Amino acid sequence: MIARQISVFLENRPGRLSDVLEELAAVGINLRAIAVADTTDFGIMRLMVDRPDEAEARLKAAGFTCTINDVISVEIPDTPGALAKVTRTLANEGINVNYLYPFSRSALLLLKTDDNRRAVEVLSRAGFSIVDEDHLYRPEEEDLTK
Amino acid sequence: MIWDKNEQLSRDEYRAIQEAGLRRTVQYAYDRVPFYRRKMREIGIEPGDIRHLEDLRHLPLTTKDDLRHNYPFGLFATDLEEVVRLHASSGTTGKPIVVGYTARDLEIWTDLVARMVTLAGVTRKDVAQICFGYGLFTGGFGLHYGLERAGATVIPSSSGNTEKQLMLMEDFGTTVLVSTPSYALYMAEVAQQMGIDPAKDLNVKLGLFGGEPWSESMRKEIEARWGMTATDNYGLSEIGGPGFAGECFCRCGMHIAEDHFIAEILDRDNFQPLGPGEYGELVITTLTKEALPIIRYRTKDITRLFTEPCACGRTTMRMEKVTGRTDDMLIIRGVNVFPSQIESVLMEVKGVSPFYQLVVDRQGYLDTLEVHVELLPDYFTDNYADLKALEQQIEKKLYAVLSVTARVKLLEYNSIERTTGKAKRVIDKRPKLI
């Protein structure tokens, strides 16, 4: 299903990533996935955390420019060609992927498209399981799908 | 060769010419320009009170703002019918500063530029390539007619298209280069990439450089790369353009055309006149201008004056290379840029805060301008493309206003230091002059 990620606007200068991470660590917020693209002057750091609202409030209070937005979490089998099948499914429907990154410790993929709602539909129809946000942060559960 | 006998007068003779010119100009401006009349009346001065050079200090100063507020022709002393040419300089925001010339003004201007290029060493045998933009800028046309009058063969190649410039230079046997100093260095680089060694393969012997401040080390670099003598000259649109002052082969300061201008150096803080050798702001009064007489124009340029006769045989007063400014005007690749222009653009853009910083640097030989501006948190989306588009939108608007390329860099909100005092808006990393 659709899950919420935090995006943080960061200038590309030494220490900025640490500043964000330390801010979250201070209140015991756990990181499950992170994506930072290489950029020139500024970048967007994307985070999946177990308490997104709290994380956002904390970062804003600390002066960071950040926003909560939606991504799709798709479970894929840990086999060659599995990711290609996801992207092909979306491509066939003309849905563009803005970026994607893996969720830690499982073959779980987070991706942002230009039409998340329709992407969920077509991926589900193609047999992929879409993971609910609540289930993302319960590692004890064997079955992450609903 | 010395162009004009007026370049070799005694100090007393210059004084006599200047005092006569001053009395004439003050009366003329008082009679014909309401602005000057009002300013003199406000402080209770009449033209008759100004008899000698020492009286100059009683006259009000004129600033760029005065010219701007009287846009376009408010300070003209003649009807537009008498004006045969208009030029304009880049102002801060929106409207430029307009200068006008009568036929006689153009005649004198041409002669002063001919004098200036002659004292730099130009003769009838020279082929001069003018790589200044032709247009509202006074540099292109000013040098053009002056060089023609001095007898040189003029190539009006204007600015841009560097490879073609070099081709013409090679094919036409150019001996004199007219450009900004930074463009001369850039040309040398392009030449090298084309497999041309300017010092060996080209015939350029003399450079006439102006339009921006430049250092002695830059002069050495230009001379080494081109195998030329690089000379400096000084002028500004407000007082008519180039022709005010230029270096001779001795290169010990720029000879001022004292028979047409009075140069003063004022203390930066109290605006009191300073003596020869003392650093202060250069203030210029025109003595022969008909269309736009200017009394005590504040150039905002810092320099000093020398009155000792020069080894070249001329006795005119000389001014040292300009070493700085009293205001925050930046000169980027020869173009005047005021932080306030950039500020006005940023104020119109949604999504960025009013806090900004300008970072000026030099890459190779060309100035670079970066505009650092904070992104407002509410305008942040998760979309990288939106942010890039915002940068590009600002860059485009800046170019439209400045006519010079500026790179925009988005910063995190609150990352520019807030201050209650004077904000540090400009970080100039370019190597210092001198």
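Since we're looking at a predicted model, the values are computed, not measured.

Peer 1: I'd like a rundown of the packing of helix H1 (residues 11-32) of chain B against helix H2 (residues 34-42) of chain B, residues and numbers included.
Peer 2: Relative placement of two packed helices is described by the angle separating their axes and the distance separating the axes. Residues and elements named next belong to chain B. Between H1 and H2, the least distance of the axes is 5 Å, while the angle of their chain directions is 105°. In this view, H1 runs roughly perpendicular relative to H2, as classed from their interaxial angle. Facing Val26, Ala29, Tyr30, Asp31 and Arg32 of H1, the residues of H2 in contact are Pro34, Tyr36, Arg37, Met40 and Arg41. Its residues assigned to classes, the contact of H1 with H2 comprises six nonpolar, no polar and four charged.

Peer 1: Explain the domain arrangement of chain B residue by residue, including any values.
Peer 2: All names here are of chain B. Domain parsing of chain B yields domain 1 (1-327) and domain 2 (332-428). Look at where the C-alpha atoms of domain 1 and domain 2 centre, and you get two points 32 Å apart. Opposite the 16 residues of domain 1 that make contact, domain 2 presents twelve residues. For the domain 1 and domain 2 pair, buried surface summed over both sides reaches about 1,100 Å², with 59% attributable to carbon and sulfur atoms. Joining domain 1 to domain 2, the criterion identifies zero salt bridges. Here domain 1 is connected to domain 2 by zero residue pairs in polar contact (both at pLDDT 80 or more). If you tally residues by element for the side of domain 1 that touches domain 2, the top one is helix H7 (residues 181-193), at four residues. Looking at the side of domain 1 that touches domain 2 residue by residue, the classes come out as three nonpolar, seven polar and six charged.

Peer 1: How would you explain the side chain of Thr78 of chain B if you had to name every residue and give the values?
Peer 2: Note on placement: Thr78 of chain B falls in the loop between helix H3 (64-69) and strand E1 (83-89). Setting aside chain neighbours within four positions, we find Thr78 of chain B in contact with Tyr28, Arg32, Val83, Thr102, Glu290 and Ala291 of chain B.

Peer 1: Would you mind going over a nonpolar patch on the surface in detail, with residue names and values included?
Peer 2: Residue and element names in this part refer to chain A. The grouping of Leu17, Leu21, Ile34 and Val36 at the surface amounts to a nonpolar patch, some 290 Å² of accessible area in total. Every element with two or more residues in the nonpolar patch is listed here: helix H1 (16-26) and strand E2 (31-36). Within the secondary structure, Val36 is located in strand E2. Of the residues examined, Val36 reaches a relative accessible area of 43% and is grouped as partly exposed.

Peer 1: Describe the environment of Leu398 of chain B, and please don't skip the residues or the numbers.
Peer 2: Residues and elements named next belong to chain B. Within the secondary structure, Leu398 is located in helix H11 (residues 384-402). Judged by its relative accessible area of 0%, Leu398 is buried. Sequence-wise, Leu398 and Val345 are 53 residues apart; in three dimensions their C-alpha atoms are separated by 6.5 Å. Beyond its immediate sequence surroundings of up to four residues, Leu398 is in contact with Ile342, Val345, Val371, Ser403, Ala406 and Val408.

Peer 1: Could you give me a rundown of the sheet that holds strand E18 (residues 352-363) of chain B, with the residues and numbers involved?
Peer 2: All names here are of chain B. Read across the sheet, four strands follow the order E20-E19-E18-E21 without closing on themselves; strand pairing throughout is mixed. Edge positions in the sheet fall to strand E20 (407-411) and strand E21 (426-428), since each of these pairs with one other strand and no more. Mean inter-strand twist for the sheet, computed between neighbouring axes without regard to direction, equals 20°. Of the pairings in the sheet, the one linking E18 to strand E19 (residues 366-375) comprises nine bridges and is antiparallel in character.

The rules behind the values
Residues take numbers from 1 onward in each chain, read along the sequence in its written order. Whichever chain is written first becomes A and whichever ligand is written first becomes 1, with later ones labelled in order. Reporting in this predicted model follows two pLDDT cut-offs: at least 70 for local features of residues, and 80 or more for side-chain atom pairs to be given and counted; totals over whole chains, interfaces and linings ignore these cut-offs and use all residues. With hydrogens and water set aside, each side-chain value is computed from the structure's full complement of heavy atoms. Axis definition: a line fit to C-alpha positions, over the contact stretch in the case of helices; interaxial angles, taken between N-to-C directions, run 0 to 180 degrees. The way it works is that DSSP assigns letters per residue, a run of H or I at least four long becomes a helix, a run of E at least two long becomes a strand, and they are numbered from the N terminus. Small angles under 35 degrees read as roughly parallel and large ones over 145 as roughly antiparallel, with 65 to 115 read as roughly perpendicular and the rest as oblique. By definition in these notes, contact holds between two residues if any of their heavy atoms fall within 4.5 Å. For this classification, the nonpolar set comprises Ala, Val, Leu, Ile, Met, Phe, Trp, Tyr, Cys and Pro, the charged set comprises Asp, Glu, Lys and Arg, and every other residue, Gly included, is treated as polar. Delimitation of the domains relies on an automatic or database domain assignment. The term buried area denotes the loss of accessible surface (1.4 Å probe radius) that occurs when two parts are joined, taken as the sum for both partners. Whenever Lys or Arg places a side-chain nitrogen within 4 Å of a carboxyl oxygen from Asp or Glu, that contact is recorded as a salt bridge. Pairs of N or O atoms within 3.5 Å make up the polar contacts considered here, provided that, within protein, one atom can donate a hydrogen while the other can accept it, and that residues adjacent in sequence are counted only when both atoms are side-chain atoms. Surface patches are defined over residues having more than 30% relative accessible area and no salt bridge, joining like charges when they lie within 9 Å and nonpolar side chains (Val, Leu, Ile, Met, Phe, Trp, Tyr) when within 5 Å. Working definition of accessibility: Shrake-Rupley area with a 1.4 Å probe, residue cover restricted to the visible protein chains. Note on classification: 1.4 Å probe, protein chains only; a residue is buried when its accessible area is under 20% of the maximum for its type, exposed when over 50%, partly exposed between these limits. Two strands pair if DSSP finds at least two bridges between them.

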